[in-house]
Amino acid sequence: MDHGHEGHDAAALSGWLVLDVLVVALLGVAALGYAVGVLLVRSDSGWPARRTVLWYAGLTCAGVALLGPLADATHTSFTAHMAGHLLLGMVAPLLMVVAAPVTLLLRALPVGGGRVVTRVLRSRVVGVLTHPVVAGILNGGGLWLLYSTELFARMHASPVVFGLVHAHVFIAGYVFTAAVVGVDPNPHRASLAVRSTVLVTFVAAHSILAKWLYAHPPPGVEPRDAEVGAQLMYYGGDVVDVTLIVLLFLGWYRATRPRRSPASVPAAASP
C-alpha cells in the first residue's frame, strides 16, 4: 500500500509498510483471541452468536479504515479521511463494545486469571480513565487537537504520527463508548445522569467541530472536499450518536424495570 507516498525514499516507504504489518498483526490477534474465547466458553455454557458477529463486524470496520483503498485515499481526500474517522473512531468501537469482550474474557479464563482481570478493572487508574468525563475529554478533545493544529498535516508525513493518531482515535472511541453504554462488568460505572450529560455534551462538541471544519478546513484541504467531509462527519456522527442514546436508555430501562417474581406467575391449571 503506497499511502500516497510514491515519491518518498525507501526508508519512508518501509515505515508505512511496517505500520501496515503492525495493523494486520493487531487485527489478527484480536480476531484470533475472540475466536479462542468463544470456543472455550461454548464448550461450557455457550456464547451469543450476535456478539461474535458484532465483534468481527467491528474489526472489519477498523480494517477498512486502516488498510486498503480507503486508507490510501485518506492522504489525498479529506472526505475519505472522515469516512475512516467514522469507521475507526465511532462505528468500530460501538460494535466491539456491544460484543462484550471483557465478559467473554472473564468467562473463558480460569478462576485465577479472572481474579487478575477483576483486580485490574477495579484499579484506580482504570476507574479514572474510564470515567465518562475523562473519556469524553480524551475523545472529543483529541479530535479538536487533531483538526485545529498542525497535527493533521504531520500525521500524513510520518507513519509513526499516523499510527499514534489512529491508535488514539480508536482507543479513545472505544473507552468513551464503553464508559457510556458498555455492557461489560464495570465496577466504576457512573450514574445515568453523568453518562447522559457527558454523551449530550460530546454530541454537541462533535457537531460544532463538524460545522467549524466546514468553514475552516485544515491547511491543504480543498474547500469543496472539506465541505463534503464535514457534512459526512456531521450526519454520519449523528447516526452513531443517536444509536448511543438509544442504547444508553435501553440499558437503563432493562436495569430498572420491575422483575416478575415466581409467585406472581400464574400457576398452571391442574388437570
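Note that the structure is predicted; figures quoted are calculated from it, not measured.

Draft legend 1. Geometry of the overall build of the protein. Counting its secondary structure elements, the protein contains 12 helices and 0 strands. Along its sequence from the N terminus, the protein presents helices and strands in the succession α-α-α-α-α-α-α-α-α-α-α-α. Dimensions of the protein along its principal axes, counting C-alpha atoms only, are 85 × 40 × 40 Å. A total of 271 residues make up the protein; the buried ones form 39% of that total.

Draft legend 2. Focus on the layout of surface pockets. In this structure, the second largest pocket encloses a volume near 440 Å³. If you go around the second largest pocket, you meet 19 residues; those closest to its centre are Val181, Val183, Leu247, Gly251 and Arg254. Secondary structure elements with two or more residues in the lining of the second largest pocket: helix 2 (49-66), helix 10 (159-181), helix 11 (192-215) and helix 12 (223-256). Per-element tally for the lining of the second largest pocket: the top contributor is helix 12, with 8 residues. Tallied by class, residues from the lining of the second largest pocket come to 11 nonpolar, 3 polar and 5 charged.

Draft legend 3. Examining the pattern of salt bridges more closely. Applying the stated criterion across every chain, the model contains 2 salt bridges. For Arg154, the salt bridge goes to Glu150, with nearest N and O atoms at 3.2 Å. For the pair shown, Arg154 and Glu150 are each scored as exposed. In this structure, the salt-bridge partner of Glu227 is Arg224, at a minimum N-O distance of 3.3 Å. One end of the pair is Glu227 and the other is Arg224, both in helix 12 and 3 residues apart, which spans about a single turn. Assessed through its relative accessible area of 21%, Glu227 is described here as partly exposed.

Draft legend 4. Geometry of the nonpolar core. By size, the foremost hydrophobic cluster in this structure holds 40 residues, and its most contacted members are Tyr34, Trp47, Phe78, Tyr147, Phe152 and Leu213. The greatest single-element share of this core, amounting to 7 residues, is contributed by helix 1 (residues 10-42). Ignoring sequence-local partners within four residues, the contact set of Phe78 consists of Tyr147, Phe152, Leu213, Pro218, Val221, Asp225, Ala226, Gly229 and Ala230.

Draft legend 5. Representation of helix 2 within the structure. Spanning 18 residues, helix 2 covers 26 Å between terminal C-alpha atoms, matching the ideal 26 Å at 1.5 Å per step. Within the span of helix 2, buried status applies to Arg51, Thr52, Trp55, Gly58, Leu59, Cys61, Ala62, Gly63, Ala65 and Leu66. In the segment just after helix 2, Gly68 is the residue with positive phi, at about 90°.

Draft legend 6. The arrangement of empty space enclosed by the protein in detail. Taken as a whole, this structure holds 2 cavities of 30 Å³ or more when the rule is applied. Estimated volume of the largest cavity: approximately 90 Å³. In terms of lining, the largest cavity is formed by 13 residues, of which the most central are Gly89, Met90, Asn139, Gly173 and Phe202. When residues of the lining of the largest cavity are traced back to their parent elements, those giving at least two are helix 4 (78-98), helix 8 (132-148), helix 10, helix 11 and helix 12.

Draft legend 7. Inspection of the packing of helix 4 against helix 10 at higher detail. Across the interface, helix 4 lies against helix 10 with an axial gap of 8 Å and an inter-helix angle of 40°. With respect to helix 10, the axis of helix 4 lies oblique. Pair helix 4 / helix 10 crosses with right-handed handedness. Counting all contacts with helix 4, which are made through His85, Leu88, Gly89, Ala92, Pro93, Leu94, Met96 and Val97, the residues of helix 10 involved are His166, Val169, Phe170, Gly173, Tyr174, Thr177 and Ala178.

Draft legend 8. The packing of helix 10 against helix 12, seen in detail. In the contact formed by helix 10 and helix 12, the axes pass within 9 Å of each other and the chain directions differ by 35°. Each of Thr177, Val180 and Val181 in helix 10 lies in contact with helix 12, whose residues at this interface are Leu244, Leu247 and Leu248. Class assignment of the residues belonging to the contact of helix 10 with helix 12 gives a composition of 5 nonpolar, 1 polar and no charged.

Draft legend 9. Region of the structure containing the side chain of Asp241. For Asp241, the location among the structural elements is in helix 12. Despite being buried, Asp241 has no salt bridge partner; Lys211 is the closest side chain of opposite charge, sitting 12 Å away. Beyond its immediate sequence surroundings of up to four residues, Asp241 is in contact with Met90, Phe202 and Val203.

Criteria and cut-off values
Residues numbered from 1 in each chain as written. Predicted model: local features only at pLDDT ≥ 70, side-chain atom pairs only at ≥ 80, totals over all residues. Heavy atoms only, no water. Helix = DSSP H or I, 4+ residues; strand = E, 2+ residues; numbered from the N terminus. Buried < 20%, exposed > 50% of the residue type's maximum accessible area, 1.4 Å probe, protein only. 1 Å grid on protein atoms, 1.4 Å probe; cavity = no way out; pocket = protein on both sides within 12 Å on 5 of 7 lines; lining within 4 Å. Points joined across faces, edges and corners; volume = space filled by probe spheres on them. Nonpolar A, V, L, I, M, F, W, Y, C, P; charged D, E, K, R; others polar. Salt bridge = Lys/Arg side-chain N within 4 Å of Asp/Glu carboxyl O. Core = buried A, V, L, I, M, F, W, Y, C linked by side-chain atoms within 4.5 Å. Contact = heavy atoms within 4.5 Å. Expected span 1.5 Å × (residues − 1). Axes fitted to C-alpha atoms, helices over the stretch in contact; angles between N-to-C directions. Parallel < 35°, antiparallel > 145°, perpendicular 65-115°, else oblique. Left-handed = near helix turned anticlockwise from the far one by under 90°. Lys, Arg positive; Asp, Glu negative; His and termini not counted.

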